[in-house]
Each structure stands twice: as structure tokens, then as C-alpha cells.
Protein chains: 2
Amino acid sequence: MITPNAKEIFRGYIKAKGLRHTWQRDTIIDAFLSAAGHLTVEELFQIVTRIHPGIGYATVHRNLNLIRECGLADEIKIGNEKTRFEPTCGRTHHDHLICLKCKCFIEVNNNQIEQLQERLAEANDFLPLRHKLEIYGLCKNCR
Amino acid sequence: MITPNAKEIFRGYIKAKGLRHTWQRDTIIDAFLSAAGHLTVEELFQIVTRIHPGIGYATVHRNLNLIRECGLADEIKIGNEKTRFEPTCGRTHHDHLICLKCKCFIEVNNNQIEQLQERLAEANDFLPLRHKLEIYGLCKNCR
DNA sequence: GTTGTTATTGATATTCATTATCAGTATAAT
DNA sequence: ATTATACTGATAATGAATATCAATAACAAC
Ligand SMILES: [Mn+2]
Ligand SMILES: [Mn+2]
Ligand SMILES: [Zn+2]
Ligand SMILES: [Zn+2]
């Protein structure tokens, strides 16, 4: 599910930074928001190219970074693989079960774990800002 | 604390794979086991160079990978930073609180979280093999 | 101890994702 | 319309990780 105002958040961010509106940005944010999550720059570039051939890889990359900067995307880095991006707007925080065989992502959330993490930080005088929990293994189809 | 047989595990692994003993390997495993954890290849290379100038960066890199292969080291990958290695021998599994300012690592462990992760995987028909929990924020000195 | 096989080393080159550069173009304010 | 400057897209640069390769060292066999 994508919130209807995600695009407006992006356009607002662009304007607030004194940046400019371009049809490339429009194409990229649209493609990103309507695509399935966990995409690499390369994958989004392929999608965008189908809509507007000639658009540059660097442009997709730069704008994906802007989308991340304004909080509309989270980065997922697995080992040495290409960075993946997933939309955050209209979605709640979640962690991932990542299949080592088929590379699928299963999204999970557990309030108890989240709370225990808070306590763990507190017990160490640590101010938690964000966290990453990734469980690697084999999914239902691959085990 | 380093278990006294970590080096023997390494030498056994080398022999079992039909590889050869060299003074470079000896120097590298010694330096790795006696150094503080969470080191990059570069950092271990600097330490090893002080003991034996002329040793190659590639040699340190290759052997650190062998040390990881035989289970004596874990990899830590944070964002785009260089991969870090930490000794595992004689140490139990732990997760990390990572300070975004001073880059320090606080090692933590919580059995409840570990168990909840198992359950989370099970509830999704997922076979968990390993996991990574990293909490990013500000440590006691930096907050 | 000598020999022969082959793993290892260290210097260097390559790979690959990501980021930077830059000239030409597009945007948007005036 | 003019003007300042952000943006694009092609390409170069960067940097960590890995591969290559000739010279060397390990070590098993004799
Ligand atoms: Mn996700
Ligand atoms: Mn640690
Ligand atoms: Zn799978
Ligand atoms: Zn700190």
C-alpha cells in the first residue's frame, strides 16, 4: 500500500531544498512508489528506461538517494550485494527474514523484540536511533 | 579472552585443506588473535607490518578470509565502510550497539531476543541459520 | 640432503558498485 | 525574454575486494 501523498512529500522536499522539478524526477518517484519493494538502482533503472528510454543511470541513482534522504526509502545492504531500496511511506517499521537461496525477503515485526531492544540500549546508556535485524536462512520453499 | 587452541584450529584447517604453513600465516593469526576485535584488513595489515615489514596486503586479506572460513572470525559490515573482522573463538554470540559518532562497538546479548527470533522464523516456516542485530545510535560518551 | 611438485607470496591489475565531474540543457524566478 | 543556476547524462574517478602471475617457498618422496 502506498500513501497518496508520498509524491507530494518528495516534491515538497525538492522545493524546500531549492531544487527543481523535472520530468525525470517525476518518472523516478512514480516508478519507485508503484514498484515492488527491495529494488536495486539497476532494477529501478530498467523499469524507468521502459517508460522513458534515454534517462541516465546516474540520474536514477541520484534521485533514489534524494528519495532516501527525505525519508521515503530505506536502504537494505546485504553483504557485498548491490544496495536495495524499499518504500517506507504508508508502511510501518519491519525487519527481514532473508532466504540465502532464492533471495526472497519476508517482512516481519515483533513488538516484544522492539521493546527488548529499547531496554538493551537503555541498560547500556545508549541512545538508539535506528536498528537492523536480519535473519538469514532458508524460506518455506527452499528449506 | 582468547582460547589457547584457536591457533591450532587454524593450523588444522590449513593442513586439512592441503594448504601449507608459512611464517606469514603464523604472524597473521597471532596478530589477529591478540589484537582488539572489530578490525579492518587495513588495520590488521598495519599491525602485522610493524612485526614483519614487507608482508603483503593481499596476503593479510587472503588469510583473514581463511580465518573466517574456519570459523575463527565473524564479518561485520556497516554501510559502505570497510569490512571488519572479530575473533569468535572462546567468545559467545553477541549483537552490537554501534555509536554513529565515535564508531565504538558495545557488545550485548539478550536471550529473550534470541528466542523470539527463533519463534519469528518458525512462525514463517523459515529455517534460521544466522542473524544480525545492530542498533545504531549514540553511546554514553557521545549522546 | 636433493629434487620435483605445487601452494604461497607480494606486486600489480581487474572488477564492480558507487560517487564525482562537467559541458550542455532545462527550470523557474524576475 | 532574460538570467542564474540546478539538472541531466555520458563518462571518469574512487575505493574496497578479488584476481592474476612470476618468483619463491613448503614439503613430500626419494
Ligand atoms: Mn521490507
Ligand atoms: Mn563484537
Ligand atoms: Zn527461498
Ligand atoms: Zn560514541
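Residues numbered from 1 in each chain as written. Chains lettered and ligands numbered in written order. Predicted model: local features only at pLDDT ≥ 70, side-chain atom pairs only at ≥ 80, totals over all residues. Heavy atoms only, no water.

Visitor: Just give me the short version of the coordination of the zinc ion (ligand 3), but keep the residues and values in it.
Guide: Residues and elements named next belong to chain A. Binding of the zinc ion (ligand 3) to the protein goes through Cys99 (SG), Cys102 (SG), Cys139 (SG) and Cys142 (SG), at separations of 2.2 to 2.4 Å. Bound by four donor atoms, the zinc ion (ligand 3) shows angles of 98 to 117° at the metal and therefore tetrahedral coordination geometry. Each donor residue of the zinc ion (ligand 3) lies on one chain, and together they are spaced C-x2-C-x36-C-x2-C. Placement of cysteine 99 in strand β4 (residues 95-99) and of cysteine 142 in the segment after β6 (127-138) is noted, with a sequence separation of 43 residues between them. (Donors = N, O, S within 2.8 Å, 3.2 Å for Na, K, Ca; no water. Tetrahedral: all angles 85-135°; square planar, octahedral: opposite > 155°, others 65-115°. Helix = DSSP H or I, 4+ residues; strand = E, 2+ residues; numbered from the N terminus.)

Visitor: So what's going on with the pattern of salt bridges? Residues and values would help.
Guide: All names here are of chain B. Across all of its chains, the model carries 20 salt bridges over all chains by this definition. Across the salt bridge formed by aspartate 26 and arginine 11, the nearest N and O atoms sit 3.8 Å from each other. With aspartate 26 in helix α2 (residues 23-34) and arginine 11 in helix α1 (residues 6-16), the pair connects residues that are 15 residues apart, well separated along the chain. Classification of arginine 11 by relative accessible area gives partly exposed; the value is 41%. (Salt bridge = Lys/Arg side-chain N within 4 Å of Asp/Glu carboxyl O. Buried < 20%, exposed > 50% of the residue type's maximum accessible area, 1.4 Å probe, protein only.)

Visitor: Tell me about helix α4 (residues 57-69) of chain A, residues and numbers included.
Guide: Residues and elements named next belong to chain A. Spanning 13 residues, α4 covers 18 Å between terminal C-alpha atoms, matching the ideal 18 Å at 1.5 Å per step. Where α4 is concerned, the buried positions are Thr59, Val60, Asn63, Leu64, Leu66 and Ile67. Down the axis of α4, the buried side of the element spans an arc of 155°, and every buried residue falls inside it. In this fold, the buried residues of α4 make contact with α1 (6-16), α2 (23-34), α3 (41-51), β2 (73-76) and β3 (84-87). Backbone geometry just downstream of α4 places glycine 71 in the positive-phi region, at approximately 90°. (Expected span 1.5 Å × (residues − 1). Arc of directions from axis to C-beta. Contact = heavy atoms within 4.5 Å.)

Visitor: Tell me what's going on with the environment of isoleucine 135 of chain A, and back it up with residues and numbers.
Guide: In this structure, isoleucine 135 of chain A sits in strand β6. Note: C-alpha distance between isoleucine 135 of chain A and isoleucine 29 of chain A (106 residues apart in sequence) is 30 Å. Filtering out sequence-adjacent residues up to four positions away, isoleucine 135 of chain A remains in contact with His96, Leu97 and Ile98 of chain A together with Gln117, Phe126, Pro128, Arg130 and His131 of chain B.

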